[in-house]
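# Observations on the three-dimensional arrangement
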Amino acid sequence: DEEGERLQQMTTLAKEQVRAYVDAQAKAKIMPAPKSTSPQTARRAAASKAPRSKTKDPILENVQMNAYDLWGNNQPVLVFTAEAHIPPPPAGTPQAGADSDLQYSILLVANPDIYNNLHKLYVGITDKYHLDISPRLELVDALDADGDARGELLFREISDNGNGWIIYRANADKLWKLFDS
């Protein structure tokens, strides 16, 4: 009964996380130095700089959400995956720092508390240029890897070095890596 509400909460949280990632990437870009080093020119350029506009809401595609009762206590762990891109700005307006043709991959793992608030356990956002820093994770399934009657999450890891497998155990505040091939 709660699937629609949870999907909406996870979608909203995922959009916030993608927006924050895109804004952080835009701030980290190194811009070329101005050709003129005159103090007057630098002051004029700083004064004429318009404030940056916020990144538009990302568009999510291939959205999937799975819920697992890993602990056997009817407390779901939600795994949300999607691909996102930022819509292009209207013609004639400056780009807000986001690359509109770049595709982002997001993995969001969260669990709801008794007040229906989501608590992030893991957020992984990456694009094709940052697979060396943050590999893309694809959910395979939940399993009991160590035989303790508690579930773990199995992911396929895709990085610029190749593919591998990762097993995470979910606890109340984060995902703990148990195995990394």
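The structure under discussion appears in the preceding block.
This text gives an overview of the structure that appears in the document. Computed from a prediction, not measured in an experiment: that's the story for all the values here.

### Some details on the overall build of the protein
When helices and strands are tallied, the protein shows two helices and eight strands. Listed by position from the N terminus, the elements making up the protein come as α-α-β-β-β-β-β-β-β-β. A total of 181 residues make up the protein; the buried ones form 35% of that total. Partitioning the intrachain contacts of the protein with sequence separation of at least 6 by distance along the chain shows that 49% fall at a separation of at least 24. Element-wise, carbon and sulfur atoms account for 51% of the exposed surface of the protein, whose accessible area totals about 11400 Å².

### Observations regarding the pairing of strand β8 (residues 175-180)
Here strand β7 (residues 162-170) pairs with β8 via five bridges, running antiparallel. In the sheet register, I167 faces β8, and the bridge partner there is F179. What sits between the antiparallel neighbours β7 and β8 is a turn of four residues.

### Points about a nonpolar patch on the surface
Residues V140, W165, L178 and F179 make up a contiguous nonpolar surface patch of about 370 Å² in total accessible area. Within the element layout of this structure, V140 appears in strand β5 (residues 136-143). Exposure remark for V140: the relative accessible area of 42% places this residue in the partly exposed category.

### A short note on the side chain of S105
Among the secondary structure elements, S105 is positioned in strand β3 (residues 104-112). Ignoring any residue separated from it by four or fewer positions in sequence, one finds S105 in contact with A82, G124, I125, T126 and R136.

### A few points about the pattern of salt bridges
Going through the model one piece at a time under the given rule, you end up with eight salt bridges. In this structure, E2 engages R6 in a salt bridge whose closest nitrogen and oxygen atoms are separated by 3.4 Å. The class of E2 is partly exposed, set by a relative accessible area of 47%. Among the residues examined, R6 registers a relative accessible area of 7% and is labelled buried. Each of D146, D148, E152 and R169 takes part in salt bridges that share partners, so that together they form one network.

What counts, and where the lines are drawn
Residues numbered from 1 in each chain as written. Predicted model: local features only at pLDDT ≥ 70, side-chain atom pairs only at ≥ 80, totals over all residues. Heavy atoms only, no water. Helix = DSSP H or I, 4+ residues; strand = E, 2+ residues; numbered from the N terminus. Buried < 20%, exposed > 50% of the residue type's maximum accessible area, 1.4 Å probe, protein only. Contact = heavy atoms within 4.5 Å. Areas by Shrake-Rupley, 256 points an atom, 1.4 Å probe, with all protein chains shown as cover. Pairing = 2+ DSSP bridges. Patch = residues over 30% accessible without salt bridge, like charges linked within 9 Å, V, L, I, M, F, W, Y side chains within 5 Å. Salt bridge = Lys/Arg side-chain N within 4 Å of Asp/Glu carboxyl O.

Everything listed here is a matter of coordinates, which is why it stays silent on function.
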